[in-house]
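The chain contents come next:
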Amino acid sequence: MDIRPREPHDLGACVRVLAEVHHGDGYPADWPGSPARWLSPPALLGAWVAVERDGPPAGHITLSRSGPGDAAPELWSRRTGEPARGAAVIGRLFVSPAARGRGAGALLMGRAVRAAGEHGLHPVLDVLDSDAAAAALYERLGWALLGTAEQCWSPTRTVTVRCYAAPADLPADSPAPRPS
């Protein structure tokens, strides 16, 4: 599995994989009105895809600066004493069911962690409290649970998220630890 920067021509395939993941796993919890736009959140620092043998994208991840209402950077700031603007948010991580079990998620996480380090930022993320599989991946990779928080997703919907931070001792130039 190779990780490379996402190109504009990848968006169609990424949306198709996202739809497959949404139908099978319920991620994202709410299907976006414009999935291609959702894959490029505001303050995007980078986006990468996992591909096999120059095939279409089988996985995806983004790294963004934090925005208003992002709980993970605030929890990280409280824990470390660093300003929340020193964190970068990993998001939009998904892997096609057919490509799972080959380390794509860990490789994508490793690439986003390295990019955060290249920007002088510490990577954080949040995940729905109910998404046990994603939380298990982050914990296997050594990410620290910062706590849970309520996030307002819309005027009528608030969700509970688990917030994580990458290990402080993970060098920015090394891949994320492989899942066991």
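Whatever comes next refers back to the structure up there.
Definitions and cut-offs
Residues numbered from 1 in each chain as written. Predicted model: local features only at pLDDT ≥ 70, side-chain atom pairs only at ≥ 80, totals over all residues. Heavy atoms only, no water. Helix = DSSP H or I, 4+ residues; strand = E, 2+ residues; numbered from the N terminus. Polar contact = N/O pair within 3.5 Å; in protein donor to acceptor, adjacent residues only side chain to side chain. Contact = heavy atoms within 4.5 Å. Buried < 20%, exposed > 50% of the residue type's maximum accessible area, 1.4 Å probe, protein only. Pairing = 2+ DSSP bridges. Axes fitted to C-alpha atoms, helices over the stretch in contact; angles between N-to-C directions.

## Considerations on the side chain of glutamine 151
Along the chain, the position of glutamine 151 falls in strand 6 (residues 144–154). A polar atom in the side chain of glutamine 151 sits 2.9 Å from the backbone oxygen of glycine 69. Beyond its immediate sequence surroundings of up to four residues, glutamine 151 is in contact with Gly69, Asp70, Ala71, Asp126, Arg157, Thr158, Val159 and Val161.

## Points about unusual backbone geometry
In the segment running from tyrosine 27 into proline 28, the intervening peptide bond is cis, with an omega of -5°. Take proline 28: it is sitting in the loop between helix 1 (11–25) and helix 2 (35–38). Within the chain, alanine 43 stands out as a residue other than glycine whose phi angle is a positive 60°. Mapped onto the elements of the fold, alanine 43 is located in the loop between helix 2 and strand 2 (44–51). Phi angles above zero are rare outside glycine, and arginine 92 is one such case at about 55°. Position of arginine 92 among the secondary structure elements: in strand 4 (residues 87–95). For arginine 92, a relative accessible area of 21% corresponds to the partly exposed category.

## Details of the environment of threonine 160
Position of threonine 160 among the secondary structure elements: in strand 7 (residues 157–165). According to the relative accessible area criterion, threonine 160 is partly exposed, its value standing at 28%. Separated by 34 residues in the primary sequence, threonine 160 and aspartate 126 place their C-alpha atoms 9.6 Å from one another. When sequence neighbours within four positions are dropped, the list of residues in contact with threonine 160 reads Val127, Leu128, Asp129, Thr148, Ala149 and Glu150. One polar contact links threonine 160 to glutamate 150, side chain to side chain, over a distance of 2.6 Å.

## Overview of the sheet that holds strand 4
Taken in spatial order, the seven strands of this open sheet run 1-2-3-4-5-7-6, and their pairing is mixed. Each having just a single partner strand, strand 1 (2–5) and strand 6 make up the two edges of the open sheet. Strand-to-strand twist across the sheet, computed as the mean angle between neighbouring axes with direction ignored, equals 30°. Bridging between strand 3 (residues 59–65) and strand 4 involves six bridges; their strand directions are antiparallel. The residue bridging glycine 59 from the neighbouring strand is valine 95, located in strand 4. Each of strand 4, strand 5 (122–128), strand 6 and strand 7 is contacted by helix 3 (residues 71–80), which is oriented at about 145° to strand 6, the strand it contacts most.

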